[in-house]
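Here is what each chain is made of, one letter per residue.
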Amino acid sequence: LQMEALAGFSAKDEWDFAYVGMSNHPFIKGNYPHHEGIWGWGDAADQTILMVPNIRRSMLEYHDIIWDLQYATTWESSTLHSDNLFLQQPDDDDFYEWRDARVMDEVRWYGWYIDYWMEGGLLRDIFSHRIITQDHWDDLMKKFSYSREELDYDNYVTDATGPPSA
């Protein structure tokens, strides 16, 4: 959104590229590789500007948005609830419950976002925080119905293959 304000051109969300189609937008707002983001733009972008917002404000804003979207986990579900955005404030108790259950994971994922863009595509396991392969990452992104145990790091790395190199 900062780029929209600076340049006067609108940005397009990463999910829009994947589900609505490609278009000629100069900026892509993305959360990838956060597990709720996707690489929706294919090879249409060749430069990156990494904007890192204040994490304290970001966590509150992020919670407000996912609360408005009823904690949607798919594009379809979030689109269905998108009319709810910014209509109400969640109760403080809702935020505290989410914060207590998720904030340390969210802080780690926030750090991975920076690692990914600064380290040339470094991918990490959502649960163990270890560096993983592209195949493991793809499964984590696509297999929402799989259990944490089924997607465990040790199911992808064996003594024969060894851990991926950074």
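Thresholds, definitions, all that
For every chain, the first residue of its written sequence is number 1, and the numbers climb from 1 along that sequence. The predicted nature of this model means local features are confined to residues of pLDDT at least 70 and side-chain atom pairs, given and counted, to a pLDDT of 80 or more, with totals for whole chains, interfaces and linings taken over all residues. With hydrogens and water stripped out, all remaining heavy atoms of the structure feed into the side-chain values. Helix and strand labels come from DSSP, where a helix needs a run of H or I of at least four residues and a strand needs a run of E of at least two; each type is numbered from the N terminus. In this scheme, a residue with accessible area under 20% of its type's maximum is buried, one over 50% is exposed, and one in between is partly exposed, where area comes from a 1.4 Å probe on protein chains only. To get the bend at a given residue, fit one axis to the seven residues ending there, fit another to the seven starting there, and take the angle between those axes. The contact criterion used throughout is that any non-hydrogen atoms of two residues lie within 4.5 Å. Excluding any residue in a salt bridge, patches collect residues exceeding 30% relative accessible area, merging like charges within 9 Å and nonpolar Val, Leu, Ile, Met, Phe, Trp and Tyr side chains within 5 Å. Shrake-Rupley sampling with a 1.4 Å probe provides the accessible areas, and residues are treated as covered by the protein chains on show and by no other component. In the sections that follow, a salt bridge refers to a side-chain nitrogen of Lys or Arg positioned within 4 Å of a carboxyl oxygen of Asp or Glu. We count Lys and Arg on the positive side and Asp and Glu on the negative side, and we leave His and both chain ends out. To locate a charge, take atom NZ for lysine, CZ for arginine, CG for aspartate or CD for glutamate. For every residue, the predictor assigns a confidence score, pLDDT, that lies between 0 and 100.

1. Considering the overall build of the protein
At step 1: The number of helices and strands found in the protein is six helices and two strands.
At step 2: Secondary structure of the protein in N-to-C order comes out as α-β-α-β-α-α-α-α.
At step 3: Relative to its full complement of 166 residues, the protein shows a buried share of 27%.

2. Describing helix H5 (residues 92-118)
Structurally, the α-helix is built with 3.6 residues per turn, so residues lying three or four positions apart point the same way.
At step 1: If you look at H5, its biggest bend is around 60 degrees, right at arginine 102.
At step 2: Each element contacted by the buried residues of H5 is listed here: helix H3 (55-68).
At step 3: The first or second residue beyond H5 is glycine 120, which carries a positive phi of 65 degrees.

3. As for a negative patch on the surface
At step 1: A contiguous patch of negative charge, built from Asp91, Asp92, Asp93 and Glu97, is present on the exposed surface.
At step 2: Tracing the backbone through its elements, the reader meets aspartate 93 in helix H5.
At step 3: With a relative accessible area of 60%, aspartate 93 lands in the exposed category.

4. Topic: the confidence of the model for the protein
At step 1: Mean pLDDT over the protein works out to 78, with 86% of the residues at or above the 70 mark.
At step 2: Within the protein, the lowest mean pLDDT, 72, falls on helix H2 (residues 14-19), and the highest, 87, falls on H3.

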